[in-house]
Amino acid sequence: MKRRTLMTYSAAAIAAPMIGRVQAQAPTTVRWWYHFDNPQASPAELVAKFEKENPGVKVQAESIPWGGGNDYYTRLYAALVAGNGPDCAMVKLGNQSRLLQMKALEPLDGMIDKWSGKSDIAPNLWKMHQANDGKAYYLPLQYVVLYLYYRTDLFQAAGVQPPRTFDDFLKAALAVNKGDVAAFGMRGGGGGHDHWGSFVLGGGATFDSGGMVTPKALAANRWFVELGTRHKLFPASAPTDGFRQIVDNFKAGRTAMTIHHIGSANEMVQALGDKVSAVPVPMGPDGKGWTSFGDESNAVFAASKAKEAAFRWASFLSSADNNVAFNAFTGQLTVSTSGAAKWNLHPKRFVDATAASTGLMGTLPNDTKTADFTRTVWPQQMQRALLGQITPDAMMQAIEKHFHG
Amino acid sequence: MTMQRRSEHIPFLLPALLVTAVVVLYPALQTVWLSLHHFVLFDPDNIRFVGLGNFADILLRDELFWISLGNSLVWVVAAVGLQFLLGLVTALLLNQTFWGRSVARALVVVPWALPSVIIGLMWTWMYDLNLGVFNDMLLRAGLIDAPVAWLAQPSTALGAVILALVWQGFPFFTVMILAGLQTIPATHYEAAAMDGATRWQMLRYITLPALREVIATALLLRMIWVANSLDVILVMTGGGPGYTTHTLPLYAFLKAYSGMEFGYASALSLLMTLLLLVVVATYVRRVARSALA
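Each value, and the rule that gives it
- Residues numbered from 1 in each chain as written.
- Chains lettered and ligands numbered in written order.
- Predicted model: local features only at pLDDT ≥ 70, side-chain atom pairs only at ≥ 80, totals over all residues.
- Contact = placed C-beta atoms within 7 Å.
- Helix = DSSP H or I, 4+ residues; strand = E, 2+ residues; numbered from the N terminus.
- Core = buried A, V, L, I, M, F, W, Y, C linked by C-beta atoms within 7 Å.
- Buried ≥ 20, exposed ≤ 12 C-beta atoms within 10 Å, placed from the backbone.
- Domains from an automatic or database assignment.
- Pairing = 2+ DSSP bridges.

(A) Examining the interface of chain A and chain B more closely. Taken together, the contact between chain A and chain B spans 30 residues of the former and 22 residues of the latter. Only α3 (70–81), α4 (96–101), α11 (243–251) and α17 (370–386) of chain A provide two or more residues apiece to the side of chain A that touches chain B. With seven residues, the single largest contributor to the side of chain A that touches chain B is α17 of chain A.

Written out as structure tokens, the structure is:
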């Protein structure tokens, strides 16, 4: 060995522990934005566990107000545009298109392929999270599928079974719609597009060009609006009711059915015990149905200087036991197949209703206009139709115009 | 005053002017700049100058702008008018001598001190169809046969939200007017009483003229605040049902924070500012006049 080479090796040998120490003194910091419905919930334990397993990485978890989605995404977009965005954040599919247009997302395919937990997430979940360009930008974190809650006591008293089709639904609704009880707790405020989607998208409307104004789509929407205007099956407050109202009305016995997901199951059972159960949303006349797939993922941002560490944190959260622990305080379902096998956080009948609904689940279009549709366009047009200010057909034309001009 | 003496005060004003430029002038100029552009937050590669295009779209093609403007006018006139009347009556009552007056004067400012979001949530539940205290009381009193969906009906929604805002805002008038009442010499009333004036005549010819400056200032300030406020509406109805409670600031807010159309939203805000400038100019003129007097 030449003298110079020996010196180089010696220097490297001396420097190696020092470099290690420098790294130990300045760990990579991953800024992660999250939002939980329950402000008391904290990911601190998961962060501590991750940092113990990954000594070179620190996670700076920042709770961002959700504000129905407006607050969270406005802050996220503004931070990304200003160059002060987080390294990774919780995100929903409805905003993927906008984030892609901003060139804010890092493709994760390479990192996902190398990740040992990839096979523990079902192929259909990966497929649903894929972007229009075929790449994976989102790492699934939790999910829910909407189903129909019904009051077993009110159904029994009326002598009807939980509905399987639109016709069943109307018959059952007319039977339980008595006195102070409105048949269906319809959500006309923000987020209510999920209710509408089960009947109108399930009845044949689509978001393709012209898909909202086909005879089948218009008929499905007329049928749905008339549940309220003609059959009076919705509470009078339905046009502006939000999540809290539909859940509280159902718990108080003011409505006999409503649509939501497993996230509210424990609250329902606590109030009603065995008087509440769930089934998939009813099917349309052509035997098809549609229910909303509620997603939440983590994305790594293109501007991040710690992409690998950010992915390590995101994949940690989506891994079996960690994902179960994460969902324990969000109240939603694990994306991990092995985690789902030992799931005991919700009564079985609601897990079964969720599983039975997966064949119907769909998503809103991956389009930059979707977020504004759910937050503004749909509630305004739906409310106007329910109040008779516009016809159901005019409502569908407005939605068609929003997406396709 | 010589030129030199006139310029002596400039260094003293400079810090305040600098702060004002940073926190007021810069955002205002940026709003003007944004209003002249197609600026969508999630589409940063497609920002382009459109001149007065946003304004033309709003004024010529946007039906919702005119609906929102109409709602805003009703909102400001009704909310400020009722706040003033309630504030005046409360101030006159609190100006009387009675047991517990100090406590009553302290308690009356509670609505003013509460955050708007809390007020919005509180009133939303008070109006609730099934669980609300209003429906419960009216049903028990036999005034209604069935619960009313106050916030979900076009005929009641705007009025219901205005009532919540009246409750929040009347203490401002109460406090202002009460302070004004303290400045009216008791001798005026004693002289009027000796001349046989009724209570109404005292109010009409002594109290109200003496309070004219206070009332005008309070009305102008409150009009500006109410015209700009959207938090209570946002929490209680989000502008619905339909467009029933859709006001101009709410429209600008939704365009910016839901549609992410910051250019269009800035143009909406500027138009609203131009309308409000009439009120602002009146207020500034009054303040300047009283400062010179």
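(B) Representation of the nonpolar core in the model. Core analysis: the biggest nonpolar cluster contains 165 residues, and Cys 88, Phe 184, Ala 299 and Trp 313 of chain A together with Val 161 and Leu 268 of chain B have the highest contact counts within it. Tallying contributions element by element places helix α9 (residues 157–182) of chain B first for this core, with 13 residues. Residues from two domains meet in this core; each of domain 1 (3–142 + 295–346) and domain 2 (147–293 + 350–404) of chain A gives at least three. Once residues within four sequence positions are removed from consideration, Val 161 of chain B is found in contact with Val 232, Ile 233, Met 236, Thr 237 and Thr 245 of chain B.

(C) Up close: unusual backbone geometry. The residue after Gly 240 of chain B, namely Pro 241 of chain B, is reached through a cis peptide bond having omega 0°. A positive phi angle is found at Lys 103 of chain A, which is not glycine, with a value near 55°. Here Lys 103 of chain A falls in the exposed class, since 11 other C-beta atoms lie within 10 Å of it. With a phi close to 65°, Met 260 of chain B is a non-glycine residue in the positive phi region.

(D) Fine view of the domain arrangement of chain A. Residues and elements named next belong to chain A. Under the domain assignment, chain A is made up of domain 1 (3–142 + 295–346) and domain 2 (147–293 + 350–404). Averaged C-alpha coordinates put domain 1 and domain 2 at centres separated by 34 Å. On the side of domain 2, 18 residues touch domain 1, which itself brings 20 residues to the contact. When residues of the side of domain 1 that touches domain 2 are traced back to their parent elements, those giving at least two are α3 and α4.

(E) Expanded view of the pairing of strand β4 (residues 138–145) of chain A. Residues and elements named next belong to chain A. Within β4, eight of the eight residues are buried, which leaves it mostly tucked inside the rest of the structure. Sheet topology note: the β4/strand β9 (residues 291–300) ladder contains seven bridges and is antiparallel. Bridge pairing in β9 links Leu 139 to Asn 298. Bridge count for β4 against strand β10 (residues 333–334) is two bridges, and the pairing is antiparallel. Residue Gln 142 lies in a different strand from β10, and its bridge partner there is Thr 334.

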